[in-house]
Structures are given as C-alpha cells and as structure tokens.
Amino acid sequence: MAEQQLMETATVDRQALDEVVTFTSELIRIDTTNRGGGDCQERPAAEYAAAKLAEAGLNPTILERTPGRGNVVARIEGTDPTAEALLVHGHLDVVPAEAADWSVHPFSGEVRDGVVWGRGAVDMKNMDAMILATVRQWARVGFRPRRDIVIAFTADEEASAEDGSGFLADRHADLFEGCTEGISESGAFTFHDGRGGQLYPIAAGERGTGWLKLTARGRAGHGSKVNRANAVSRLASAVARIGDHEWPLRLTPTVRAALAEMATVYGIEADVDAADFDADALLTALGPAADLVAPTVRNSSNPTMLSAGYKINVIPGEATAHIDGRYLPGTEDEFKATLDALTGPDVDWEYHHREVALQAPVDSPTFARMRAAVEEFAPEGHVVPYCMSGGTDAKQFSRLGITGYGFAPLKLPEGFDYQALFHGVDERVPVEALHFGVRVLDRFLRTA
Ligand SMILES: [Zn+2]
C-alpha cells in the first residue's frame, strides 16, 4: 500500500487532484443542455476547455459546423513518431435536467460533503475534467507520452452528433491522422455486484442503432363499413408482433469474453465456447452481476411511437409507428430479415436513423494496459469487458478506422448507481471518484 501511494504521488500531484474537481464543477456550471433539433450551445464550454489546454502549451482548435456548436481538437506529440496515435474524447453537451426534481440546482456544480453535483457529473464532464487535469500536469512536469495523443471535446453527442463527432469525422479527418484506437465514455466504473464484490467493466463494443419507421397502407373509408384493408389494424398487428418478438441469443466475442471472465470471478463452472453452453443458466447464476451483460446478449425492438387517424368514424389510408431497435455487432442482416418477416406484406419499414454496431478486441495490448491501470488503483476490483447496449461518439470515429473503448475510470462507493445517475435526477460524483479517475487515466495514458 505504501509503495502504491508513493507511485501515486509520483505521478499525480495535488494540483491535478484539485483541478479535476474544479473543472468538473465549472464545466457543469456552463449549461450545455442539448434539447435536440439543434437547440444547444457548446461554444462556451469549448472555449473553456481550449483555454485550459492552451495554458498547458497545447495548440487547440475550435471547430464548428454550426455557429455556437463548438468542438475542440488538440494533439500532443508523442516521443515515438512511428507509434500509432490514440484518440481521447469526451462530449461537452448534456441531456436536459428539470431543476424542480433535483436536490440541488442541476447547473450549480455545487461541491457538498465531498460530492460534486450537477448535470454532466458522470455523463461526461467528469471525464472532460480528468483529461484536462491529466495533460496539464504533464505540461508541468514536462512529460511526453510515447504515442501521439489527440484530444477531442465534442458537441452534439446527446442528439445526432451531426454538429460534433460526425462533423469532425467527415470534415476534419486530417486532425485524427494516425489514430487507430480511442477511449471515451463509459467504462471502468465500479459496478457493485450485490455480494460484496466490485467489477470494473471496460466497454469493448456497442450495439448498433436501428430506429425504424413503419408505414401501413390500406383502403381509406367510412368507419361503419367492413374493411379488410384497415391500415390501423395492419399497423397494430405488426407493432404487437415486433414488441412481443423474442430475439434469439447471439453471443458476440466481447459478450462471450465478459461471461467467461465473470464465471471465473465468481467460481462458476462454465465453458462459454462449448456447443451446449447455456448462457441463460450462467446469467441466472451470476445474480445481479448479470445486469452488465443481459442487455447485450440479444437484439431488441421496442415500439415507442404510434400515429394514425384523425376522426373516429373515418378509417385512414395510412398509419405509422416508430420502433427503437438495437442490434449486436454482426447481426444487422438478421435484424433486417427478422423485421421484414415481422412487419409482413402490408407494412413497410425503413430506417429512421441507423448507426453501426461496434466491436473492439479484448485481447489487445491497449485493453491489457487499461486493465492494469484500473487494477493498480483498485486491486480489490475485477476488470471485465462488456458491450454497451446503446451508442456513443465512438460510432462516428469508427468511420476513421478508430477502434473505440469505453474507459472513463470512476471508483464509486456502494449506493452510487452509475447507470441510474446517467441522465438521471441528482446526477453527482464523489470527489474521491474523480481523484481515482485522474490517477487511473494518467497511468493508462502514460503507458499507452
Ligand atoms: Zn455521454
């Protein structure tokens, strides 16, 4: 322990520990609520981040597709010009918060009893602050990493990413030259397993987004007449079939690795590669820890919006619905074929919005270095890979050939339900969690 503390003080100084808290709080106070449809202003937060980077001797660029939607990109030159570059990115926008529901004002950034409160405290101004505090400390001590590190703070992650990572990937690919891997939200947080143990899931994949629009067409007519071509009935049947569909189990390499590792942690006999492997039995045996993988062992399709008709005695000729679909890496063809079958001949479907699924290797040197950094500062925890059920900016950056990992380290005490705080009421983060985060991030980036 004493040796570990010596190493900590050798790499992360008091100023970095103070700055990560101050920056988190100050970034929260800059209201970057993203209401969708272009209603967001990240520019003040982008200027804030750029100023902090410039003070560290970096040369940040602010880029906007739309005025007010600021993105920041800067590059730290590594010592080995032949090494592949690493992208470290965080988004600057946040989801809306209704102040009346909160214990403290969501944009106060208040630090109370060792906890920083406010929208963005875990998603993800915490990580933005950790990145800033880390590279500023490097400037103070004159440290240069081996690989080039490209830092990107993005707009618009909480909506379409068109003003953020999508814009950067499409229009400013040159700024990411040489980047092969990236890290960002959301992984390496403490997952309390309900039996006294702690897991640190690192994301190595994301399900794809398949938001669908269904359109049923039929014969319009009087509501009192027999009508076997009723668009509302056709739509309702298709929506019910889609909502009730039991998607089959599909184990991707990341999920298989997660299950294998968790079985080992809990001493459960399971051969995840065997032909007769019973994943459902293992998930049951894992108890609460199964929550980490259960959302990513199959595709999903949830009806979320319906629209049809305008008068009770008029049968409309058309009816529409929207479905929030998500598909695992490697299953998009199956997803589409299943939707064709479920919608049937009388209902058409199209993508309202589509995003790729991602898969990152869990046996890479980078994954091993992330694991080592977490386990150095949380020796009681177990790192496991996992697949995110939703998506992040990593999807856009994947267009540049960048493999994305979810790594925004946070050590959370029992009772801090990270998943519930994400987009939740009373979003907050302990100061100690931020300190852990900056130590682990610093260690990983130094060894990356
Ligand atoms: Zn986020």
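Presented here is a report on the structure given in the accompanying data block. Keep in mind it's a predicted model, so treat the numbers as computed, not measured. Just so you know, the residues in each chain are numbered from 1, in the order the chain's sequence is written. Where local features are concerned, this predicted model is filtered to residues with pLDDT of at least 70; where side-chain atom pairs are given and counted, the filter is 80 or more; whole-chain, interface and lining totals use all residues. Derived side-chain values reflect all non-hydrogen atoms in the structure, with water molecules and hydrogen atoms excluded from consideration.

### Structural notes on empty space enclosed by the protein
Thinking step 1. For each structure, a 1 Å grid was placed over the protein atoms alone; sets of points admitting a 1.4 Å probe that cannot get out are labelled cavities, open sets with protein on both sides within 12 Å along at least five of seven lines are labelled pockets, and lining residues have an atom within 4 Å of a point. Grid points are joined across faces, edges and corners, and a volume is the space filled by probe spheres set on the points. Under the criterion given, the structure shown has one cavity of 30 Å³ or more.
Thinking step 2. Empty space within the largest cavity amounts to approximately 30 Å³.
Thinking step 3. Surrounding the largest cavity, L87, H89, G182, A394, F397, S398, I402, T403 and G404 form its lining.
Thinking step 4. Tallied by class, residues from the lining of the largest cavity come to four nonpolar, five polar and no charged. Under the scheme applied, nonpolar residues are Ala, Val, Leu, Ile, Met, Phe, Trp, Tyr, Cys and Pro; charged residues are Asp, Glu, Lys and Arg; polar residues are all the others, including Gly.

### So, the packing of helix α2 (residues 14-29) against helix α3 (residues 43-55)
Thinking step 1. Lines are fitted to the C-alpha atoms to define the axes, a helix being fitted only along its stretch in contact, and any angle between axes, read from their N-to-C directions, falls within 0 to 180 degrees. Under the DSSP-based scheme used, a helix requires at least four consecutive residues in state H or I and a strand at least two consecutive residues in state E, with every element numbered from the N terminus. In the contact formed by α2 and α3, the axes pass within 10 Å of each other and the chain directions differ by 155 degrees. Considered as vectors, α2 and α3 are oriented roughly antiparallel to each other. By crossing handedness, the relation of α2 to α3 is classed as right-handed. Along the contact surface, α2 presents T22, F23, E26 and L27, while α3 presents A45, Y48 and K52.
Thinking step 2. Per-class residue counts for the contact of α2 with α3 are four nonpolar, one polar and two charged. Throughout this description, any angle smaller than 35 degrees is read as roughly parallel, any larger than 145 degrees as roughly antiparallel, any in the 65 to 115 degree range as roughly perpendicular, and the remainder as oblique. When the near helix sits turned anticlockwise from the far one by under a right angle, the crossing is termed left-handed; a clockwise turn instead gives a right-handed crossing. Contact between two residues is taken to exist if any of their heavy atoms lie within 4.5 Å; hydrogens are not considered.

### A word on the coordination of the zinc ion
Thinking step 1. Within the protein, the atoms that donate to the zinc ion are H91 (NE2), D123 (OD), E185 (OE) and E185 (OE), at distances of 1.8 to 2.6 Å.
Thinking step 2. Keep in mind that water is not among the atoms, so a site may look incomplete; donors are the N, O and S atoms within 2.8 Å of the metal, or 3.2 Å for Na, K and Ca. Here the metal geometry follows the donor angles, with tetrahedral for four donors whose angles all fall between 85 and 135 degrees, square planar for four and octahedral for six when opposite donors are more than 155 degrees apart and every other angle is between 65 and 115, and irregular for all the rest. With four donor atoms in place around the zinc ion and angles of 54 to 149 degrees between them, the coordination shape is irregular.
Thinking step 3. Note on exposure labels: buried denotes an accessible area under 20% of the residue type's maximum, exposed denotes more than 50%, and partly exposed covers the range between, all computed with a 1.4 Å probe on protein chains only. Judged by relative accessible area, which is 3%, D123 ranks as buried.

### Looking at the sheet that holds strand β12 (residues 300-308)
Thinking step 1. Read from one edge of the open sheet, four strands run β12-β14-β10-β15, paired in antiparallel fashion. The open sheet has two free edges, formed respectively by β12 and β15 (347-355), since each of these has just one partner strand. The mean angle between the axes of side-by-side strands here comes to 20 degrees, regardless of whether they run parallel or antiparallel.
Thinking step 2. Note: strand β10 (residues 208-217) against β15, eight bridges, orientation antiparallel. Note on β15: the bridge partner recorded for G210 is R354. A pair of strands is treated as paired once DSSP finds two or more bridges between them.

### Focus on the sheet that holds strand β4 (residues 111-112)
Thinking step 1. Strand order in the open sheet formed by three strands is β4-β5-β19, with antiparallel pairing between adjacent strands. The open sheet terminates on both sides in strands that have one partner only, identified here as β4 and β19 (428-430).
Thinking step 2. Across two bridges, β4 lies against strand β5 (residues 115-117) in antiparallel orientation. Across the sheet, R112 pairs through a bridge with V115, a residue of β5.
Thinking step 3. In the packing of α2 onto the sheet, contacts are made with β4, β5 and β19, and the angle to β5 comes to roughly 20 degrees.
Thinking step 4. Across the sheet, helix α13 (residues 431-447) touches β4, β5 and β19, and the angle it forms with β19 is around 70 degrees.

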